Amino acid sequence: MVDLTKSADVVIIGGGVMGASTAYHLALKGCKNIVLLERNPFFGQEATGKCAGGIRYQFATEINIRLSLLSLPMLDRFEEELGQAIDVRHCGYLFLLTREKDIQAFEANVVLQHRLGVMTEWLSGDSVRSRLPLMCLEDVLAATWHPKDGLADPSGVVQGYITGARRLGAKCLTDIEATGILIENGRICGVKTPKGEVSAPILVNAAGPWASRIGEMVGIQFPVVPLRRQIAVTTPIPGLPLDFPFVIDFAKNLYFHREGPGILTGMSNLDEPPSFTQQVDREWELVHFDAAMARMPILEHAGIISRWAGLYEVSPDAHPILGKVPEIEGLYAIVGFSGHGFMHGPACGLLLSEEILDGKAHTLDVTSLRLSRFRECKPILEYNVV
Ligand SMILES: Cc1cc2nc3c(=O)[nH]c(=O)nc-3n(C[C@H](O)[C@H](O)[C@H](O)COP(=O)(O)OP(=O)(O)OC[C@H]3O[C@@H](n4cnc5c(N)ncnc54)[C@H](O)[C@@H]3O)c2cc1C
């Protein structure tokens, strides 16, 4: 029987990368009485555990680039800080561009990235073709490349933060679902679970694809929809170089990276309707594999060793909703990361801990990420969504 604390200073709903990072950073700043609730039997089994592990500086908006500039060095220091290996690999991201309109958009992105100190390289089609002999790249007009982009292990990151938070006194609990939220006179008072109530003045919505369900419990609309995205990992590919990069065929929403001796590949179905379905869609898989084999013919000789589907948690402008929700005192959100949240988990947990304990995030100004931007018609548009 789990010992559910009767009261806490902060309750966090969700034990993916966002909840875990928030718990750790709150505890690190001295907040002792933290309760994190995860309804699954293990932490990090949903979007975080199902993600492709990509980490990149190459974004199209200043706020996303600044989040990467804060977050990726935190991943580089992670093992030293938390004692947990997370296999950071700077294999680089290569965005393949095959359409004129993308050339123009990515040229502007590179200018912005350079202004912020992210020295992305512009490669000609011929240069990409000579770098990737295993791929069919005749139609590639150009590419962008940043060698410090790469990969890290999402489960390691969650485990490291949970262990770190516990070491600092936080209670991180599995098998407990938040089923209701207690509010009095417009203030958070606590959370209901089948195992009892926890009273608390502060509540963090870190429920990932289920963020809007938490919103429904308090009458606040979090515009975050769940979208199925799926991945397959192949048997070993002979001749696959150790430094094979994270390759994104941008126009096709198709990506590849090295996973052990094989390839991990994913392709977003832009016609996927919002739902919580996490069954692998076999019809889409055929479309995906046709596109993947056209780009990388050697895959025709490979088998599939694993496949899975997970949920993106998508906001209307593909940017997160981060910070205080002023309509209800004590309510905070760290949701809506739209398919690239794993890499920003370290930074966003830190920033939310500042917002909660210091009244405002100060390491980076995140006011543009407030929930009210949608009502105020001030969305931020991100072009580099895969
Ligand atoms: C196929 C795929 C590939 C991806 N690839 C990348 C990538 O390469 N790089 C990248 O940066 N990002 C990637 N992402 C996105 C990334 O995984 C997410 O943005 C990120 O993991 C979101 O973390 P989270 O903590 O918000 O959500 P989650 O990891 O889903 O955690 C939310 C948790 O809340 C729990 N929960 C929900 N409701 C309740 C409740 N009522 N009570 C208790 N617990 C509750 C859930 O069980 C869940 O564990 C990918 C996602 C998918 C699906």
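This text gives an overview of the structure that appears in the document. (Residues numbered from 1 in each chain as written. Predicted model: local features only at pLDDT ≥ 70, side-chain atom pairs only at ≥ 80, totals over all residues. Heavy atoms only, no water.)

## Considering the sheet that holds strand E11 (residues 196-199)
Thought 1: Strand order in the open sheet made by the 3 strands is E9-E10-E11, with antiparallel pairing throughout. Because the sheet does not close on itself, it has two edges, and the strands there are strand E9 (180-184) and E11. Averaged over all adjacent pairs, the angle separating strand axes in this sheet is 25 degrees, with direction ignored.
Thought 2: By the bridge criterion, 4 bridges tie strand E10 (residues 187-193) to E11 in an arrangement that is antiparallel. Residue pairing across strands places glycine 190 opposite serine 199, the latter belonging to E11. (Pairing = 2+ DSSP bridges. Helix = DSSP H or I, 4+ residues; strand = E, 2+ residues; numbered from the N terminus. Axes fitted to C-alpha atoms, helices over the stretch in contact; angles between N-to-C directions.)

## Some points on the packing of helix H1 (residues 17-28) against helix H6 (residues 154-167)
Thought 1: Their axes nearest at 8 Å, the elements H1 and H6 cross at an angle of 30 degrees. Put simply, H1 runs roughly parallel to H6. Both H1 and H6 take part in a crossing whose hand is left-handed. For the pair H1 and H6, contact is made by Val17, Ala20, Ser21, Ala23, Tyr24, His25 and Ala27 and by Val157, Val158, Tyr161, Ile162, Gly164 and Ala165, respectively.
Thought 2: Tallied by class, residues from the contact of H1 with H6 come to 10 nonpolar, 3 polar and no charged. (Parallel < 35°, antiparallel > 145°, perpendicular 65-115°, else oblique. Left-handed = near helix turned anticlockwise from the far one by under 90°. Contact = heavy atoms within 4.5 Å. Nonpolar A, V, L, I, M, F, W, Y, C, P; charged D, E, K, R; others polar.)

## Here we look at the site of the ligand
Thought 1: Neighbouring the ligand are 39 residues, the closest being Glu38, Thr48, Gly54, Glu313 and Met343.
Thought 2: Alanine 47 has a polar backbone atom sitting 3.0 Å from an oxygen atom of the ligand.
Thought 3: A distance of 3.4 Å separates a nitrogen atom of the ligand from a polar backbone atom of glycine 339.
Thought 4: Within the complex, the protein chains bury 98% of what would otherwise be the 1,000 Å² of accessible surface of the ligand.
Thought 5: Among the elements of the structure, H1, strand E13 (225-234) and strand E17 (304-314) are those that each provide at least two residues to the shell around the ligand. (Near = heavy atom within 4 Å. Polar contact = N/O pair within 3.5 Å; in protein donor to acceptor, adjacent residues only side chain to side chain. Areas by Shrake-Rupley, 256 points an atom, 1.4 Å probe, with all protein chains shown as cover.)

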